[in-house]
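# Survey of secondary and tertiary structure
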Amino acid sequence: AQNTKLSVQLHSYDEGRQLLLTRDITLMTMADAMRRDFVANVSHEIRTPLTVLSGFVETLQMIPLAESERKEYLDLMAVQAGRMQSLVADLLTLSQLEGSLPPGTSEKVSVKDLMAQVASDAAALSAVLGDKDPEQRHVVHDIVFEPAPEWAILGGRSELHSAISNLVSNAIRYTPAGGRVHVSWSRDPEHVILSVKDSGPGIAPEHLPRLSERFYRVDRSRSRETGGTGLGLAITKHVAQRHGGELRVESQLGKGSNFMLVLPISRVEPLSD
Ligand code: ADP
């Protein structure tokens, strides 16, 4: 095939006999290229806030500033440091997901408890975005969590929490003021489905297949501005797959998006006390 990579080795052994060994190393070469891309991406993501941060440090060291200006600089520095912290936290989560077996079915995670935690994260995020943006351009006023069902998911609590929080925080971060975020659970004969719907900008169809690639962003500046690492959906998709499920997206430009965490019904049972 056109992109097949072969390794060819010629071995000579007794009395001039030769052995030609060929191996298909296509997959190895691809994995290597992906690893290199990933390292380049991570370096770039770290370098940007680091450059800003060291610039500010230098300024603070060299120029005497009034207290109010100093405070302003320190606040900006805290934002950059926070960005690096989120990136490192997401990288660790991803590497833990990749380096561990999928969760078994012995832990029972109450959907009600999980959603209470996600709702409180959502409120905190909304408040932070509001503080950062006094004109409230980015604050969604209407975040609705439908009452959570009395189910237990057989799976990993903290990874499910990350997966769902990522979807809810994206919906809040990408939906402009006056918009709506609606979070609900449903089931069909084979699946339970968490749906996070927003009335945000929507996503053009050509981007949809790539959204859960690491560091893939439709709108780079919007992602950075609201503290995105570019790894959220990669994490969510991974968690879904580790539970035997999948991440689905439906979206319409100008109307909004619906991100769904779909889990097999075998991972769910009624909550018993
Ligand atoms: P990020 O940290 O950049 O949000 P994600 O992996 O969570 O990274 O999402 C990848 C990209 O998908 C985002 O940068 C954004 O362009 C797009 N996206 C995710 N969720 C939404 C949404 N609810 N509405 C519009 N675009 C979204």
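The name recorded for the protein in an unreviewed UniProt entry is Phosphate regulon sensor protein PhoR, from Limnohabitans lacus. Its UniProt record, at the heading Subcellular location (unreviewed entry), says of the protein: "Cell membrane".

## Quick word on the sheet that holds strand β9 (residues 256–264)
Strand order in this open sheet of five strands is β4-β6-β7-β9-β8, and the pairing throughout is mixed. Two strands lie at the open edges of the sheet, namely β4 (142–145) and β8 (246–252), each paired on one side alone. Going from strand to strand, the sheet's axes swing by 15 degrees on average, the running direction of each strand aside. In the sheet, β8 pairs with β9 via seven bridges, with the strands oriented antiparallel. Across the sheet, residue R248 finds its bridge partner in β9, namely M260.

## A few points about the site of the ligand
The local shell around the ligand holds 20 residues, among which N170, Y174, D198, S223 and G230 are the closest. With respect to the ligand, the side chain of R173 contributes an N or O atom lying 3.0 Å from an oxygen atom. Here V218 contributes a backbone N or O atom positioned 2.9 Å from an oxygen atom of the ligand. Breaking the shell around the ligand down by element, the ones donating at least two residues are α4 (157–174), α6 (232–242) and β9. With four residues, α4 is the single largest residue contributor to the shell around the ligand.

## Quick look at the packing of aromatic side chains
All chains considered together, the criterion is met by three aromatic pairs. Positioned above the aromatic ring of F38, the side-chain terminus of R214 is 4.5 Å from the ring centre.

## Here's the deal with the side chain of Q80
Residue position: Q80 is located in helix α2 (residues 67–98). Overall, the relative accessible area of 12% leaves Q80 in the buried class. Not counting the four nearest positions on each side in its chain, Q80 is found in contact with P49, V52 and L53.

## Quick look at unusual backbone geometry
Positive phi outside glycine occurs at F215, with the angle close to 65 degrees. According to the relative accessible area criterion, F215 is buried, its value standing at 5%.

## Looking at the pattern of salt bridges
The full count for this structure, using the stated rule, is 15 salt bridges. A salt bridge links R224 to E45; the shortest N-O distance between them is 3.5 Å. Of this pair, R224 sits in helix α5 (residues 220–225) while E45 sits in helix α1 (residues 26–62), placing them 179 residues apart in sequence. Of the charged contacts in the structure, one is a salt bridge between R70 and E67, with a shortest N-O distance of 3.8 Å. Of the two residues, R70 and E67 are both situated in helix α2; the distance of three residues between them amounts to about one turn of the helix. Assessed through its relative accessible area of 37%, R70 is described here as partly exposed. Residue E67 is classed as exposed on the basis of its relative accessible area of 60%.

## Here's the deal with the nonpolar core
Counting 43 residues, the largest nonpolar core has M115, I164, L167, V168, W185, L194 and V196 as its most contacted members. Looking at this core, the elements that each hand over two or more residues are α2, α3 (111–132), β5 (151–154), α4, β6 (180–187), β7 (191–198), α6 and β9. Discounting chain neighbours no more than four positions away, the residues touching L167 are L194, V196, L233, T236, L247, F259 and L261.

Cut-off values and rules
Each chain has its residues counted from 1, running along the sequence as written. Per-residue local features of the predicted model are confined to residues with pLDDT of at least 70, and side-chain atom pairs are confined, for both listing and counting, to 80 or more; whole-chain, interface and lining totals are unaffected and use all residues. Excluding hydrogens and water, the side-chain values take into account all heavy atoms of the structure. UniProt positions are given in the numbering used here, feature names are shortened, and annotations may be inferred rather than shown by experiment. Strand pairing follows a simple DSSP-based rule, namely that at least 2 bridges must link the two strands. Strands here are runs of E lasting at least two residues and helices are runs of H or I lasting at least four, both read from the DSSP assignment and numbered beginning at the N terminus. The axes used here are C-alpha line fits, helices contributing only the stretch in contact, and every angle between their N-to-C directions lies in the interval 0 to 180 degrees. Each residue is tested against the molecule or strand, and it is near if at least one of its non-hydrogen atoms lies within 4 Å. We call two N or O atoms a polar contact when they sit within 3.5 Å, provided that within protein one can donate a hydrogen and the other can accept it, with sequence-adjacent residues counted only if both atoms are side-chain atoms. Pairing of aromatic rings covers Phe, Tyr and the six-membered ring of Trp, with a centre-to-centre limit of 6.5 Å; geometry is then stacked below 30 degrees between planes, edge-to-face above 60, and tilted otherwise. Placement of a positive charge over a ring is assigned whenever Lys NZ or Arg CZ falls within 6 Å of the ring centre and within 35 degrees of the normal to the ring plane. Throughout this description, buried means an accessible area under 20% of the type-specific maximum (1.4 Å probe, protein chains only), exposed means over 50%, and partly exposed covers the range between. Contact definition: two residues touch when any of their heavy atoms are within 4.5 Å. The term salt bridge refers to a side-chain nitrogen of Lys or Arg lying within 4 Å of a carboxyl oxygen of Asp or Glu. In this text, buried Ala, Val, Leu, Ile, Met, Phe, Trp, Tyr and Cys residues form a nonpolar core when linked through side-chain atoms within 4.5 Å.

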